[in-house]
Amino acid sequence: MPGFELFDESEKQQVAEVMDKGFTFRYNFDGMRNDVWKARELEQMIQDTIKVKHAHLVSSGTAALTTALAAAGIGAGDEVIVPPFTFVASVEAIVLAGAIPVFAEIDETLCLSPEGIEAVITPRTRAVNFVHMCGSGGYMDKVKAVCDKHNIVLLEDACQATGATYQGQSLGTFGQVGTFSFDSVKTISCGEGGAVLTNDSKIYDYAHQYSDHGHDHIGSDRGAESHPIMGANYRISEMNAAVGVAQWKKLDRILDIQRRNKKSLKDALKQYSEISFRDLPDEAGDNAGFLSIMLPSETRAREVVAGLQAEGIPAVFYWYGNNWHYLKNWTHIQQMKGPAKLPIELIADRPDYSQVKTPKSDEIMSRTVSMLINLSWSDADIQKRIDAFANVFK
Ligand SMILES: *Cc1c(COP(=O)(O)O)cnc(C)c1O
């Protein structure tokens, strides 16, 4: 998954152009910047590649989720459905919006299932934060149909799925609003960065305003702009956007390498009858940043993880036991513990997060093992992994 593996002179040149000719701030300063606009340039590239009307860059994927929720009108007291298997940011953004996270079940796509979503819808449900985990999504036509039927917003957390598609359409563009992350370990890296994606001009206007103190971004005099809404500062800097401009030009190359490396490893593992694979609703559209396998039981999964680690294989993820990607281990979220009183504490009938159970997801995640697919692998590196599996399964 990590685009940083392909950092070379091109990222340095892009950043140098900002330092030598341009300016660090993404807006205004027209007289100083010699027409260098890296954030705008990257936004245009994203829009052209994934075919979305608006891509708005922000400072992180978490900031993108926070901005997307606000811009889509999700706020205090609204219920937002979210999976128990995700990076914690998907939940944090909901809590920080003053909204109520509602956990629903995933299926073997490793994403929320349409039935799982439907089972937890209440009159207070306003949105689904649909997370495309590990480079691939769910059955988006069915997911979209459930959201439309119940008139709830589909927000896509595509932070791990840049470059992925479902039936030819980019993940992040199915719902009213989507998000990417460009942090240090994502498919495309800006160092830190993220993007809000939408075809809805009203959501876009709220997004760029909200992420920049409510500025309307009309005209070329920042001080003379008006402030239609309140906001905060989630702006990306021109240096970060510059890194992203160089990285985005490598997206096709990144996807080609990942898909080739993943196929070599996956094909070699098909001989083991104990292994089944994650359900990929559209395998051709998988961004191939991870290979996820399922074992017959939790015990067997733990044995295989230990075996691969003993063979010296790095980046083997057993999410079910991991601190940051599965609800079971998020004690801070189970206790809804912030540094100060949270908006959700004002809601008397909020869920008791220490009692939330997702047994179907537990059953799936307890058997699931993922491996990072690297860009820098040689044939020998791939063979080393294939040999390690042979040793573990002999
Ligand atoms: C990385 C990630 C985020 C947050 O992105 P940052 O840029 O690190 O803030 C959100 N959701 C998912 C699923 C992620 O993997």
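Residues numbered from 1 in each chain as written. Predicted model: local features only at pLDDT ≥ 70, side-chain atom pairs only at ≥ 80, totals over all residues. Heavy atoms only, no water.

Tell me about the nonpolar core, residues and numbers included.
The biggest cluster of nonpolar side chains holds 79 residues, and the ones touching the most others in it are Ile 46, Leu 57, Phe 130, Phe 180, Phe 182 and Trp 248. The dominant element in this core, judged by the number of residues it contributes, is helix 3 (residues 61-71), at 6 residues. A domain split of this core shows at least three residues from each of domain 1 (3-251) and domain 2 (252-393). Apart from residues lying up to four places away in sequence, Phe 182 is in contact with Ile 46, Leu 57, Thr 162, Ile 188, Ser 189, Cys 190, Gly 191, Glu 192, Gly 193, Gly 194, Ala 195 and Trp 248. Judged by nonpolar contacts, the second largest core, of 40 residues, contains Phe 85, Leu 110, Leu 265 and Leu 291. (Core = buried A, V, L, I, M, F, W, Y, C linked by side-chain atoms within 4.5 Å. Buried < 20%, exposed > 50% of the residue type's maximum accessible area, 1.4 Å probe, protein only. Helix = DSSP H or I, 4+ residues; strand = E, 2+ residues; numbered from the N terminus. Domains from an automatic or database assignment. Contact = heavy atoms within 4.5 Å.)

Go over the site of the ligand, please, and point to the residues and values.
Taken together, 16 residues lie near the ligand, and Gly 61, Thr 62, Ser 181, Asp 183 and Lys 186 sit nearest. Between the ligand and Asp 157, the relevant distance is 2.8 Å, taken from a nitrogen atom to a side-chain nitrogen or oxygen of the residue. Ser 181 places a side-chain nitrogen or oxygen 2.7 Å from an oxygen atom of the ligand. Bound to the protein, the ligand loses 94% of the 380 Å² it would expose on its own. At the level of secondary structure, the elements contributing two or more residues to the shell around the ligand comprise helix 3 and helix 4 (89-96). (Near = heavy atom within 4 Å. Polar contact = N/O pair within 3.5 Å; in protein donor to acceptor, adjacent residues only side chain to side chain. Areas by Shrake-Rupley, 256 points an atom, 1.4 Å probe, with all protein chains shown as cover.)

Talk me through helix 4; I want residue IDs and the actual numbers.
Counted residue by residue, helix 4 has 6 buried out of 8 residues, so it is predominantly covered. Looking only at helix 4, the buried set comprises Ala 89, Ser 90, Val 91, Ala 93, Ile 94 and Val 95. As for helix 4, its buried residues are in contact with helix 3, strand 2 (79-82), strand 3 (100-103), strand 4 (125-131), strand 5 (153-157) and helix 11 (331-334). Two residues or fewer past helix 4, Gly 98 is found with a positive phi of approximately 80°.

Any chance you could break down the packing of aromatic side chains for me, citing the residues and the numbers?
Evaluation of the coordinates by the stated rule reveals 18 aromatic pairs. Ring centres of Tyr 210 and Tyr 234 lie 6.2 Å apart, and the angle between their planes is 40°; on these two criteria the pair is classed as tilted. Taken as a pair, Tyr 210 in helix 7 (residues 201-210) and Tyr 234 in the loop between helix 7 and helix 8 (238-248) lie far apart in primary sequence, 24 residues in all. Accessibility expressed as a relative area gives 23% for Tyr 234, which makes it partly exposed. Cation over ring: Arg 33 sits above Trp 37, and NZ or CZ is 3.8 Å from the ring centre. Taking NZ or CZ as reference, Arg 300 lies 5.4 Å from the ring centre of Phe 393, over its face. (Phe/Tyr/Trp six-rings, centres within 6.5 Å; stacked < 30°, edge-to-face > 60°. Lys NZ or Arg CZ within 6 Å of the ring centre and 35° of its normal.)

Just give me the short version of the pattern of salt bridges, but keep the residues and values in it.
Once their charged atoms are close, side chains differing in charge can pair, the charge on each being opposite to the other. This structure, assessed with the given rule, holds 24 salt bridges. In this structure, Asp 267 engages Lys 263 in a salt bridge whose closest nitrogen and oxygen atoms are separated by 2.5 Å. Of this pair, Asp 267 and Lys 263 both sit in helix 9 (residues 251-269), separated by 4 residues, roughly a single helical turn. On the basis of relative accessible area, Asp 267 is assigned to the partly exposed category, the value being 35%. For Arg 300, the salt bridge identified is with Glu 274, shortest N-O distance 2.7 Å. Linking Arg 300 in helix 10 (residues 298-310) with Glu 274 in the loop between helix 9 and strand 10 (276-277), this pair joins segments that are 26 residues apart in sequence. Among the residues examined, Glu 274 registers a relative accessible area of 27% and is labelled partly exposed. One connected set of salt bridges, linked through shared partners, spans Asp 8, Glu 11 and Lys 250. (Salt bridge = Lys/Arg side-chain N within 4 Å of Asp/Glu carboxyl O.)

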